[in-house]
Amino acid sequence: MKYNWNWGVLVEDPYLFWLLSGLEYTLLLSLSAWVIAFSLGSAIGVSRTLPLAWPRKLATAYVELFRNVPLLVQMFLWFFVVPELLPADLGRWVKRDMPFPEFWTAVVCLGFYTASRVGEQVRAGIQSIPRGQYIAALATGLGWMQAYRLVLLPLAFRLIVPPMTSEFLNIFKNSSLALTIGVLELTAQSRQIENYTFQGFEAFTAATVLYLVITMIVMLSMRWMESRTRVVGMIGTRR
Amino acid sequence: MIELDKVNKWYGALHVLKDCSLAVSRGEVVVICGPSGSGKSTLIKCVNGLEPFQGGRIVVDGVSVGDKATNLPRLRSRIGMVFQHFELYPHMSALENICLAQVHVLKRSRAEAEARAMELLTRVGLTDKARAYPGNLSGGQQQRVAIARALAMDPIAMLFDEPTSALDPEMINEVLDVMVGLAREGMTMMVVTHEMGFARKVADRVVFIDEGQILEDAQTEAFFAAPKSERTVLFLSKILEH
């Protein structure tokens with residue numbers, strides 16, 4: 001194979017700018033989606049452990065729907081189908097007047113999808129706590145919401161830091177699918193650089209390294225958080 | 001103060017409590033014993049509504065526990081409870097464990113709650129462990145913190161559900177000493193335990209329960225000297241011989 005390596009292309013104008021702009025979109029998209037995934041996912045995880053039938057059923061249905069449909073299909077559904085199902089005025093607004101329609105659609109899609117996975121982690125975390133903790137909290141006069149807020153959730157979130165790290169990493173990697181609906185994030189920009197310069201190896205190497213840097217930073221900060229919030233005497237912790 | 005009138009409870013088809021009637025008056029200490037699976041833990045958990053029951057009535061300080069309109073959290077905040085497995089919150093220090101419900105249920109200020117917590121830690125002999133986490137405390141120490149946590153709510157009565165069953169033999173006494181102290185001060189107590197020495201020392205009455213039925217409810221001396229039911233005689237012969 002004959003290939004003319006030219007790493008210099010990565011720092012040339014406008015390609016450097018394209019990469020950085022792609023990086024910015026990847027970060028904005030992933031972090032905004034994470035806000036949805038984390039808050040909605042926590043609510044869903046909690047609902048799945050409640051003794052109340054309706055919230056539990058709704059949350060279960062949500063999880064099964066969103067984690068069983070491929071993310072790529074969900075991207076297309078949100079972008080091409082959902083606007084048609086909305087009331088006419090709202091649909092028109094989404095299609096014509098909403099700023100950055102691809103970006104916000106991708107945020108919602110990725111956020112809702114990841115929420116179903118986060119919800120399962122939160123549920124697993126809550127259910128791994130011995131029931132006696134909840135009973136003890138109720139016995140001191142705390143209401144069930146207080147027992148969740150003050151005892152169960154602080155414990156559950158500590159227990160699920162490792163699997164939540166995976167979900168957080170996944171959201172950055174999954175954000176690359178947003179290119180299919182036209183978000184110019186990191187992968188899309190790399191492809192564009194390849195199209196313009198035929199230097200695909202350099203462009204995708206740069207993207208790979210940038211993804212690695214992001215995920216390493218996430219991993220290290222989650223590890224730092226885990227050691228800060230470690231529960232004394234629990235399995236897998238040092239005393 | 002605590003009255004149970006013909007309480008019945010089922011787990012599905014299993015009839016776990018059968019017409020249980022019992023009264024504990026103010027300042028009284030009642031020990032409940034019986035073989036495992038007899039329903040004694042279930043019975044004591046019905047008193048503060050942690051276990052629902054299907055028949056009969058339980059009234060605590062004039063409040064009907066089974067009544068739909070009853071504010072259970074409010075009632076529970078007035079009854080202290082201590083568990084077999086301590087159930088301290090592992091992510092909080094001993095001090096925070098004792099303060100949590102004081103702050104969030106009784107709405108005491110942080111400073112007030114901590115002052116009360118330190119007072120109680122002194123009382124159970126653990127002043128130096130205020131900042132320690134449950135994972136770094138021995139079983140006996142954890143149970144004493146759990147007692148302090150219950151006392152911090154200034155309860156009108158205390159429920160103990162096998163408080164020493166999960167402890168090493170060496171640690172049983174440090175917990176029993178605290179309980180004896182409480183009993184002598186006139187705290188109303190319902191204690192599920194097999195510690196017959198404790199029963200003899202401070203109990204006013206001893207109740208024997210088997211297969212969900214209260215078979216014996218007698219003054220302490222009478223209970224040990226002349227039990228009425230044969231099942232009680234058999235039970236006592238087995239646990240007192242050692």
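Relevant structure appears above.
Residues numbered from 1 in each chain as written. Chains lettered and ligands numbered in written order. Predicted model: local features only at pLDDT ≥ 70, side-chain atom pairs only at ≥ 80, totals over all residues. Heavy atoms only, no water.

(A) The overall build of chain B, seen in detail. Check the secondary structure of chain B and you find 9 helices and 10 strands. The C-alpha atoms of chain B give 18 Å as radius of gyration, which agrees with the globular expectation for 242 residues (18 Å, within 12%). Judged by the C-alpha coordinates and their principal axes, chain B covers about 55 × 45 × 30 Å. The proportion of buried residues among the 242 residues of chain B is 57%. Summarising the internal contacts of chain B: among those between residues at least 6 apart in sequence, 64% fall at separations of at least 24. (Helix = DSSP H or I, 4+ residues; strand = E, 2+ residues; numbered from the N terminus. Rg over C-alpha atoms; globule rule 2.2 N^0.38 Å. Buried < 20%, exposed > 50% of the residue type's maximum accessible area, 1.4 Å probe, protein only. Contact = heavy atoms within 4.5 Å.)

(B) Geometry of the sheet that holds strand β2 (residues 14-24) of chain B. Residues and elements named next belong to chain B. Strand order in the open sheet formed by 4 strands is β2-β1-β4-β5, with antiparallel pairing between adjacent strands. Among the strands making up the open sheet, the edge pair consists of β2 and β5 (63-64). Direction of pairing for strand β1 (residues 2-11) relative to β2: antiparallel, over a ladder of 7 bridges. Bridging from a neighbouring strand, I2 pairs with V24 of β2. Contacts from helix α1 (residues 40-47) reach β1, β2 and β4 (55-60) within the one sheet, and its direction differs from that of β1 by about 120°. (Pairing = 2+ DSSP bridges. Axes fitted to C-alpha atoms, helices over the stretch in contact; angles between N-to-C directions.)

(C) Inspection of a nonpolar patch on the surface at higher detail. Residues and elements named next belong to chain A. Residues L72, V73, F76, L77, F80, V81 and L85 make up a contiguous nonpolar surface patch of roughly 590 Å² in combined accessible area. Looking at the element boundaries, F76 is found in helix α3 (residues 71-85). Since its relative accessible area comes to 33%, F76 is described here as partly exposed. (Patch = residues over 30% accessible without salt bridge, like charges linked within 9 Å, V, L, I, M, F, W, Y side chains within 5 Å. Areas by Shrake-Rupley, 256 points an atom, 1.4 Å probe, with all protein chains shown as cover. Salt bridge = Lys/Arg side-chain N within 4 Å of Asp/Glu carboxyl O.)

(D) Layout of the interface of chain B and chain A. If you look at the interface, chain B gives 24 residues, while chain A gives 23 residues. Both sides of the chain B and chain A interface together cover about 1900 Å² of buried area, and 65% of this is carbon and sulfur. Area buried by chain B at its contact with chain A is led by Y89(B), P90(B) and H91(B), which between them contribute 28% of it. Linking chain B to chain A there are 0 salt bridges. Our enumeration of links across chain B and chain A arrives at 4 residue pairs in polar contact (both at pLDDT 80 or more). Its residues assigned to classes, the side of chain B that touches chain A comprises 14 nonpolar, 6 polar and 4 charged. (Buried area = accessible area lost by both parts, 1.4 Å probe. Polar contact = N/O pair within 3.5 Å; in protein donor to acceptor, adjacent residues only side chain to side chain. Nonpolar A, V, L, I, M, F, W, Y, C, P; charged D, E, K, R; others polar.)

(E) Region of the structure containing the environment of F198(B). Residue and element names in this part refer to chain B. Mapped onto the elements, F198 comes out in helix α7 (residues 196-202). Overall, F198 belongs to the buried group, its relative accessible area being 3%. As a C-alpha pair, F198 and M179 span 19 residues in sequence and 8.9 Å in three-dimensional space. Not counting residues within four places of it along the chain, the set of residues in contact with F198 comprises V31, L176, M179, V180, M189, V191, T193 and A203.

(F) Inspection of the packing of helix α1 (residues 15-47) of chain A against helix α5 (residues 101-127) of chain A at higher detail. All names here are of chain A. Put simply, α1 and α5 touch, their axes get as near as 6 Å, and they point 40° apart. Looking at the two axes, α1 sits oblique to α5. Here α1 runs over α5; the crossing is right-handed. Residues belonging to the contact of α1 with α5 are distributed by class as follows: 21 nonpolar, 7 polar and 1 charged. (Parallel < 35°, antiparallel > 145°, perpendicular 65-115°, else oblique. Left-handed = near helix turned anticlockwise from the far one by under 90°.)

(G) Region of the structure containing unusual backbone geometry. Cis rather than trans, the peptide bond between D13(A) and P14(A) has omega equal to 5°. In this fold, P14(A) is placed in the segment before α1. The backbone of E211(B) shows a phi angle near 50°, a positive value even though the residue is not glycine.

(H) Quick look at the sheet that holds strand β3 (residues 29-33) of chain B. All names here are of chain B. A sheet is described by the order of its strands in space; here 6 strands give the open sequence β6-β7-β8-β3-β9-β10, paired in mixed fashion. Pairing within the sheet leaves two strands with one partner each, and these edge strands are β6 (79-82) and β10 (213-219). For this sheet, the mean inter-axis angle between neighbouring strands, taken without regard to orientation, is 15°. This element, helix α6 (residues 169-184), spans β3, β7 (157-161) and β8 (188-192) of the sheet and lies at about 145° to β8.

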